[in-house]
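Close look at the chain arrangement
If you want the building blocks of each chain, they are given just below.
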Amino acid sequence: MKELFIVANWKANMTSSEATKWLQRCQISNVIRRPADQISNKDIVICPPFTLLSMMRTQIEERKLPIKLGSQDVSPFPKGAYTGEIAADQLKEFVSYVIIGHHERRKYFREDDQMLANKVDMALASGIVPIYCVQDEHTIVPKGVSIVVYEPVFAIGTGEPDTPDNANSVATGIKEKAGVQTVLYGGSVTPDNVHSFMIMEHIDGVLVGSASLDPVSFGRIYTRS
Ligand code: 13P
């Protein structure tokens, strides 16, 4: 049975009270069931905004939820005089994973391949696993990356996902890159289409944006994958 990753990218959404309700819902309605998770092969990673990492870590521990945390970004610099940045060494207290190279970072913040490679180096040096986003099989993947997400630009937030067959064929190409072991699909993933991606031979999970904001819909993605 292959190991599956179900990763939520909350982007710039959720306040602390909304996140608390989300976690309560998971716990009360057993949306994400711990026993199922313990015997299954599914890893759940939530990537909230930086502002929620501390309280999410505490609540996940208190509620004994089978959820790991990731951040949505990391500084390309070490700790020090870099106003506004959060260094990997600071993040490692809270997260096991970090999303790097998301299309929205490349587009709105002009992050280029060199900067993204520096971010990967920083994450790896602090023991944080990069979840590296690419737009197609030709996007450069920095050395040391083992988890890649194929997120075609046309599918992000549009309700128009790629076809599972095409996503699988792109994933096959990505897995030929040195060091890449795991490829996820992202872009308009919903409870209705998640299974069609998960059954593809070279797709090992999903990165979910808008559908992860509702705990019921995220729970369905989990159970149907
Ligand atoms: P949507 O699931 O909202 O299309 O977002 C995809 C995404 O960008 C996840 O990182």
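Note that the structure is predicted; figures quoted are calculated from it, not measured. (Residues numbered from 1 in each chain as written. Predicted model: local features only at pLDDT ≥ 70, side-chain atom pairs only at ≥ 80, totals over all residues. Heavy atoms only, no water.)

Helix and strand counts for the protein chain stand at 9 helices and 8 strands. Over its C-alpha atoms the protein chain spans a radius of gyration of 16 Å, differing by no more than 12% from the 17 Å that the globule rule assigns to 225 residues. Looking at the protein chain residue by residue over its 225 residues, the buried ones come to 52%. Contacts in the protein chain between residues at least 24 apart in sequence constitute 69% of all its contacts with a sequence separation of at least 6. (Helix = DSSP H or I, 4+ residues; strand = E, 2+ residues; numbered from the N terminus. Rg over C-alpha atoms; globule rule 2.2 N^0.38 Å. Buried < 20%, exposed > 50% of the residue type's maximum accessible area, 1.4 Å probe, protein only. Contact = heavy atoms within 4.5 Å.)

On to the site of the ligand, then. All residues in the neighbourhood of the ligand are listed as Asn9, Lys11, His102, Glu151, Ala155, Ile156, Gly157, Gly187, Ser188, Leu207, Gly209 and Ser210. In the environment of the ligand, an oxygen atom lies 2.8 Å from a nitrogen or oxygen atom belonging to the side chain of histidine 102. For the ligand, the cavity whose grid points lie within 2 Å of the majority of its atoms is the second largest pocket. Of the residues in the shell around the ligand, the class split is 3 nonpolar, 7 polar and 2 charged. (Near = heavy atom within 4 Å. Polar contact = N/O pair within 3.5 Å; in protein donor to acceptor, adjacent residues only side chain to side chain. 1 Å grid on protein atoms, 1.4 Å probe; cavity = no way out; pocket = protein on both sides within 12 Å on 5 of 7 lines; lining within 4 Å. Sits in = over half its atoms within 2 Å of the grid points. Nonpolar A, V, L, I, M, F, W, Y, C, P; charged D, E, K, R; others polar.)

Assignment of secondary structure puts asparagine 168 in helix H7 (residues 164-174). Residue asparagine 168 is classed as buried on the basis of its relative accessible area of 15%. Looking at asparagine 168, its side chain comes within polar contact range of the main-chain nitrogen of histidine 202, at 2.8 Å. Excluding residues within four positions of it along the chain, asparagine 168 makes contact with Met200, Glu201, His202 and Ile203.

Let us now look at the nonpolar core. One finds Trp10, Trp22, Ile46 and Met56 to be the most contacted residues of the largest nonpolar core, which totals 56 residues. Those residues in contact with isoleucine 46, other than ones at most four positions away along the chain, are Ala8, Trp10, Trp22, Met56, Ile67, Lys68, Leu69, Gly70 and Phe218. (Core = buried A, V, L, I, M, F, W, Y, C linked by side-chain atoms within 4.5 Å.)

As a further point, take unusual backbone geometry. One non-glycine residue, lysine 11, adopts positive backbone phi at about 50°. With respect to the secondary-structure elements, lysine 11 resides in the loop between strand S1 (4-9) and helix H1 (16-28). Residue serine 188 is not a glycine yet carries a positive backbone phi of 60°. By the element assignment, serine 188 lies in the loop between strand S7 (182-186) and helix H8 (194-198).

Let's shift gears to the pattern of salt bridges. Pairing between side chains of opposite charge can happen when the charged atoms of each approach one another. A full pass over the atoms with the stated rule returns 10 salt bridges. Residue aspartate 73 pairs with lysine 119 through a salt bridge whose shortest N-O separation is 2.6 Å. Taken as a pair, aspartate 73 in the loop between strand S3 (67-71) and helix H4 (88-91) and lysine 119 in helix H6 (residues 113-125) lie far apart in primary sequence, 46 residues in all. Per residue, the accessibility class of aspartate 73 equals that of lysine 119, and both read buried. Members of the salt-bridge network, linked through shared partners, are Asp73, Arg105, Glu111 and Lys119. (Salt bridge = Lys/Arg side-chain N within 4 Å of Asp/Glu carboxyl O.)

Moving on to the packing of H1 against helix H3 (residues 53-63). At their nearest, the axes of H1 and H3 sit 11 Å apart, and the two run at 20° to each other. Taken together, the axes of H1 and H3 lie roughly parallel to each other. Two packed elements cross with a definite hand, and for H1 against H3 that hand is right-handed. Across from Ser16, Ala19, Thr20, Leu23, Gln24 and Gln27 in H1, the residues of H3 making contact are Met55, Met56, Gln59, Ile60 and Arg63. Residue composition of the contact of H1 with H3, by class: 5 nonpolar, 5 polar and 1 charged. (Axes fitted to C-alpha atoms, helices over the stretch in contact; angles between N-to-C directions. Parallel < 35°, antiparallel > 145°, perpendicular 65-115°, else oblique. Left-handed = near helix turned anticlockwise from the far one by under 90°.)

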